[in-house]
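Chain by chain, the residues:
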Amino acid sequence: MSKEADSGEVVQLRGMWASPAVHRVAWALRLKGVEEDLERKSPALLELNPITKQVPVLVHGGRPVVESLVILEYIDEVWSGAAGAPPLLPENPYERARARFLAAFVEDKSREATRKVFFAPEKERGEGLRSLEEILEVLEKELKSKEGEFFGGRSIGYLDLAVGWMPFWLGVVLEGVLDCKVMNAIKFPTFYLWSKFFLQNPPEEKWESIITLPPREKAIEYFIKYRQLYSDSPK
Ligand SMILES: N[C@@H](CCC(=O)N[C@@H](CS)C(=O)NCC(=O)O)C(=O)O
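Residues numbered from 1 in each chain as written. Predicted model: local features only at pLDDT ≥ 70, side-chain atom pairs only at ≥ 80, totals over all residues. Heavy atoms only, no water.

A. Main features of the domain arrangement of the protein. On domain assignment, one finds that the protein holds domain 1 (11–84) and domain 2 (93–200 + 216–226). Placing a centre on the C-alpha atoms of domain 1 and another on those of domain 2 gives a separation of 22 Å. Taken together, the connections running from domain 1 to domain 2 amount to 2 salt bridges. Among the salt bridges present, the one from Glu73 reaches Arg100, with a minimum N-O distance of 2.9 Å. For the pair domain 1 and domain 2, the interface holds 4 residue pairs in polar contact (both at pLDDT 80 or more). Put simply, the parts of the chain that give the side of domain 1 that touches domain 2 at least two residues each are helix 2 (20–31) and helix 4 (68–78). Considering every element that reaches the side of domain 1 that touches domain 2, the biggest residue donor is helix 2, with 6 residues. For the side of domain 1 that touches domain 2, the per-class residue count stands at 9 nonpolar, 2 polar and 2 charged. (Domains from an automatic or database assignment. Salt bridge = Lys/Arg side-chain N within 4 Å of Asp/Glu carboxyl O. Polar contact = N/O pair within 3.5 Å; in protein donor to acceptor, adjacent residues only side chain to side chain. Helix = DSSP H or I, 4+ residues; strand = E, 2+ residues; numbered from the N terminus. Nonpolar A, V, L, I, M, F, W, Y, C, P; charged D, E, K, R; others polar.)

Dropping the structure here:
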């Protein structure tokens, strides 16, 4: 454990249960064996994150860290030797740059495309769906070039955590809410296999307590309401 973890500085994760960006951070903390106090209601969110006003916010020793991908890097640096966990980012600078680039690329492009599909009438979903397929194509190729079953090689790394929301949340918002399928085992076999490993990781004990997910039906209900609420002014 790092000094910070030993010194007992409180780690709090401000978030909400349905948010993929919040789960991404919770997964990273658990991989590092860091105990967090998941604070669901966040009355002080504006004070903690006055710039984007979004969750997740990681509060470590009273200081807020924002933006989930930035938080992953912070966790990796602060708890570098924690719980015997391997580093999240690759050690090789080139590989590190590539993981950062792909995480940022997928994050930007997939958020926009998912939103487009989610709020569009059925006949106008084509463009967004094509963008999502292009992203899955990029990830499929990247995984094929790897030695192990993960983007991080033999263990889960930064890029796995960055794109780890896709199997569950695309399933919920596109299949569950819209009845529209994107994750395709025939078109993207390597990515499909990766998603099974990521969510279930069979050889690893207690995996379900690390890569936790909200209940699927509850999430579908939440996003149906979300869609009704924001369909006039998508967030
Ligand atoms: N880029 C941000 C996105 C976070 C984000 O979209 N948070 C959503 C929940 S998933 C949120 O706080 N929404 C409330 C709002 O935008 O007011 C990150 O990765 O941390």
